[in-house]
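Per-entry structural report
Listed below, chain by chain, are the residues.
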Amino acid sequence: MKLVVMKFGGTSVEDAVAIDRTARIVAARRAQGVLPIVVVSAMAKVTDQLIAAANAAGRGDRAGALAISARLRHRHHDTARKLLVDRDVPPFSEWIDKQFEALDEIFRGLAAVGELTARTSDMVVSYGERLSSSMVASGFAARGLDAVHVDARQCIVTDAQYGKAIPNDALIEKRLEELVLPLLKEQKLPVMGGFIGSTEEGVTTTLGRGGSDFTAALVGGGLNASVIEIWTDVNGIMTTDPRICPDALRVKTISFEEAAELAYFGAKVLHPATILPAVQKNIPVAVLNSRNPENEGTRITALASHCRSPFKSIAVKKKLTIIDVVASRMLMSHGYLKSIFDVFDKHKCAVDMVSTSEVSVSLTVDSNEKLPEISADLSKIADVKYDGRKALVCMVGEDIRGQNGIAAQVFQAIRHVNVRMISQGASEINMSFMIEEDDVEEAVRSLHAAFFRDPDPAVFDVEARAAASQ
Ligand code: ADP
Ligand code: ASP
Ligand code: MG
């Protein structure tokens, strides 16, 4: 059995037209004799809206939450009407109403209590993928595909870290074997929601924003798929975010290590955790465009290919804060760095980049809520300043290993931009620096022009230029 996991992001299931397109892509794969397992995100923007509604309810704004919910209910009804054959519409619409009644009940409860916990937030946002996956399964069935809906929460078993739960690989593998494998053996097409899971006790959890990619990789790893396909709204992994730089080019192949680095440092096209299950089982990952399925996309494989530019892509992570810790009272002494990191550890705050001098340490973090507490604790050991609205630009490529003069080329390209911190990654395949958020567009465009202007057609797809700027 040749299994392929096909994950479709929010834009690939955003309305009836998109779901119809997706059905045709899946039907074409089946016609090639492979057995797909489909993983879908919530319809585009639905997760954001569910979060906004949950927050409103948590503030006591019951009317605000119910108004968002009513709009979402209408959108799902509208899609079902356009997607399904007449006979299937009434029972499916009834099912949609039941889901929204349950959701509204949660909102009323939240508004009455005036408090939103991470656990309830996960329950609320899970409706996005629960609705979309049932809708897609019914839409596929209406188009003659032998689709069966699988509740992802029965397969993706996680711990109880709501909002960013950690999957239990062994249990997931077992559940997939019990619940999904038999369907595949009967030549059925399993369709499940991404992003959501549940604890062993059955409490709903989520894998963190953008987590449907992660689900796809967990399913692919658990079932030993031949390939994991991530279908999205661009032609693959591009030389940078095409929203910042419309002439970004498609990268044909990229290594697991390069892709992981890019995802971790902000390239939204892939969730950072996606790569690990694929690496563990050496399963290639393909990133493809559901609006342009003929395009070859990007293939992520164990070994990197070489290209003319030493870099493969430029990632950007915004909304970061730099914290400067200055040891005015004592020069750095033994254990000083440890005492600083202990503070971040205590507040469970991840640090992205660090640079040190004789008396000062600068660190960057992306969570803002805990800054006052962190700063208060750090002030006990040193003087502290923090400065928000910063961005990290990360240039990734395995070919920079041991090459002379690369840093000079990078900083020459952005000589007009004020650079606050620099790091050449320990992995030796990335070069990162912090700048003001307002300088991001200019910096990325200048770097892109310097390193990707004259593409080697063997590696970069020149045609993608037109597609990316549509
Ligand atoms: P999906 O809903 O399909 O998961 P996302 O919005 O999460 O899609 O990711 C796709 C988006 O990622 C693209 O529309 C693009 O703007 C953005 N992006 C950021 N960096 C890159 C990159 N290097 N290559 C391609 N897309 C990127
Ligand atoms: N719907 C979730 C989100 O928007 C998960 C995903 O789309 O990958 O974060
Ligand atoms: Mg995504």
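Small disclaimer: the values here were computed from a predicted structure and weren't measured.

Cut-offs used in this document
Residues numbered from 1 in each chain as written. Chains lettered and ligands numbered in written order. Predicted model: local features only at pLDDT ≥ 70, side-chain atom pairs only at ≥ 80, totals over all residues. Heavy atoms only, no water. Helix = DSSP H or I, 4+ residues; strand = E, 2+ residues; numbered from the N terminus. Rg over C-alpha atoms; globule rule 2.2 N^0.38 Å. Contact = heavy atoms within 4.5 Å. Areas by Shrake-Rupley, 256 points an atom, 1.4 Å probe, with all protein chains shown as cover. Lys, Arg positive; Asp, Glu negative; His and termini not counted. Charge placed at Lys NZ, Arg CZ, Asp CG, Glu CD. Pairing = 2+ DSSP bridges. Axes fitted to C-alpha atoms, helices over the stretch in contact; angles between N-to-C directions. Buried < 20%, exposed > 50% of the residue type's maximum accessible area, 1.4 Å probe, protein only. Arc of directions from axis to C-beta. Near = heavy atom within 4 Å. Polar contact = N/O pair within 3.5 Å; in protein donor to acceptor, adjacent residues only side chain to side chain. Nonpolar A, V, L, I, M, F, W, Y, C, P; charged D, E, K, R; others polar. Salt bridge = Lys/Arg side-chain N within 4 Å of Asp/Glu carboxyl O. Parallel < 35°, antiparallel > 145°, perpendicular 65-115°, else oblique. 1 Å grid on protein atoms, 1.4 Å probe; cavity = no way out; pocket = protein on both sides within 12 Å on 5 of 7 lines; lining within 4 Å. Points joined across faces, edges and corners; volume = space filled by probe spheres on them. Patch = residues over 30% accessible without salt bridge, like charges linked within 9 Å, V, L, I, M, F, W, Y side chains within 5 Å.

**A word on the overall build of the chain**
The number of helices and strands found in the chain is 16 helices and 18 strands. Relative to the compact-globule value of 23 Å for 470 residues, the chain shows a C-alpha radius of gyration of 23 Å, a close match. Each of the three principal axes of the chain carries a C-alpha extent, and together these read 75 × 60 × 40 Å. Considering only contacts in the chain between residues 6 or more positions apart, those separated by 24 or more positions represent 76%. Of the roughly 20300 Å² that the chain leaves accessible, carbon and sulfur atoms contribute 50%. Where the 54 positive side-chain charges of the chain centre and where its 60 negative ones centre are 2 Å apart.

**Concerning the sheet that holds strand β12 (residues 313-326)**
The six strands are arranged β13-β14-β12-β15-β17-β16 in an open sheet whose pairing can be described as antiparallel. Both outer strands of the open sheet, β13 (351-356) and β16 (421-424), are each paired with one neighbouring strand and no more. On average, each strand axis in the sheet is inclined to that of its neighbour by 30°, with strand direction left out of account. Sheet analysis places β12 next to strand β15 (residues 383-396), joined by eleven bridges and oriented antiparallel. Paired with Ile 323 across the strands is Tyr 386, a residue of β15.

**Re helix α13 (residues 371-379)**
All of the buried residues along α13 are Leu 371, Ile 374, Ser 375, Asp 377 and Leu 378. Each buried residue of α13 sits inside an arc of 165° when the element is viewed along its axis, so together they form one side. Elements in contact with the buried residues of α13: β12, α12 (336-346), β14 (360-365) and β15.

**Considering the site of ligand 1**
In the vicinity of ligand 1 there are 18 residues, among which Thr 232, Asp 233, Met 238, Asp 241 and Lys 268 approach most closely. Between ligand 1 and Gly 10 there is a distance of 3.2 Å, counted from an oxygen atom to a backbone nitrogen or oxygen. Contact with the protein chains covers 91% of the free accessible surface of ligand 1, which is 570 Å². Its residues assigned to classes, the shell around ligand 1 comprises seven nonpolar, six polar and five charged.

**With respect to the site of ligand 2**
The immediate surroundings of ligand 2 are formed by Ser 41, Thr 47, Glu 129, Phe 195, Arg 209, Gly 210, Gly 211 and Ser 212. Measuring from an oxygen atom of ligand 2, one finds a backbone N or O atom of Ser 212 at 3.0 Å. Protein contact buries 86% of the 270 Å² of open area that ligand 2 shows by itself. For the shell around ligand 2, the per-class residue count stands at one nonpolar, five polar and two charged.

**Things to note about the pattern of salt bridges**
Applying the stated criterion across every chain yields a total of 33 salt bridges. Lys 281 is the salt-bridge partner of Glu 173, the closest N and O atoms lying 3.6 Å from each other. Of the two residues, Glu 173 sits in helix α7 (residues 169-179) while Lys 281 sits in helix α11 (residues 275-281), which places them 108 residues apart along the sequence. One salt bridge in this structure joins Lys 174 and Glu 178, with 3.5 Å as the shortest N-O distance.

**Some remarks on the sheet that holds strand β4 (residues 189-193)**
Pairing between sheet strands relies on hydrogen bonds along the backbone, with the strands arranged either parallel or antiparallel. The strand order across the open sheet built from eight strands is β3-β4-β2-β1-β7-β10-β11-β9, with neighbouring strands paired in mixed fashion. With partners counted over all chains shown, the strands left at the sheet margins are β3 (147-150) and β9 (253-255), one partner each. Here the average twist between neighbouring strands, direction ignored, is 25°. Taken together, the three bridges between strand β10 (residues 285-289) and strand β11 (residues 298-301) define a ladder with antiparallel strand orientation. Across the sheet, residue Val 285 finds its bridge partner in β11, namely Ile 300. Contacting β1 (3-8), β2 (35-40), β4 and β7 (227-232), helix α9 (residues 212-222) crosses the sheet at an angle of about 170° to β1. Where helix α10 (residues 256-264) meets the sheet, it contacts β9, β10 and β11, and its direction lies at approximately 85° from that of β9.

**A few points about unusual backbone geometry**
If a residue is not glycine, its phi is most likely negative; likewise, a peptide bond is most likely trans. A positive phi is found at Asn 282, a non-glycine position, where the angle reads about 55°. Phi at Arg 389 takes a positive value of approximately 55°, unusual for a residue other than glycine. Structurally, the position occupied by Arg 389 is in strand β15.

**As for the packing of α7 against α9**
For the pair α7 and α9, interaxial distance at closest approach is 9 Å and the crossing angle is 70°. Comparing their axes, α9 and α7 come out roughly perpendicular. Here Asp 169, Ile 172, Glu 173 and Leu 176 of α7 come into contact with α9, specifically with Leu 218, Val 219 and Gly 222. Broken down by class, the residue content of the contact of α7 with α9 amounts to four nonpolar, one polar and two charged.

**Examining the layout of surface pockets**
In this structure, the second largest pocket spans a volume of roughly 250 Å³. Taken together, 16 residues line the second largest pocket, and the ones lying closest to its centre are Arg 29, Val 227, Glu 229, Ala 286 and Arg 299. Secondary structure elements with two or more residues in the lining of the second largest pocket: β7 and β10. Per-class residue counts for the lining of the second largest pocket are five nonpolar, four polar and seven charged.

**Quick notes on a nonpolar patch on the surface**
A cluster of nonpolar residues, Leu 337, Phe 341 and Val 354, forms a patch on the protein surface that exposes about 210 Å² of accessible area. If you trace the backbone, Leu 337 turns up in helix α12.

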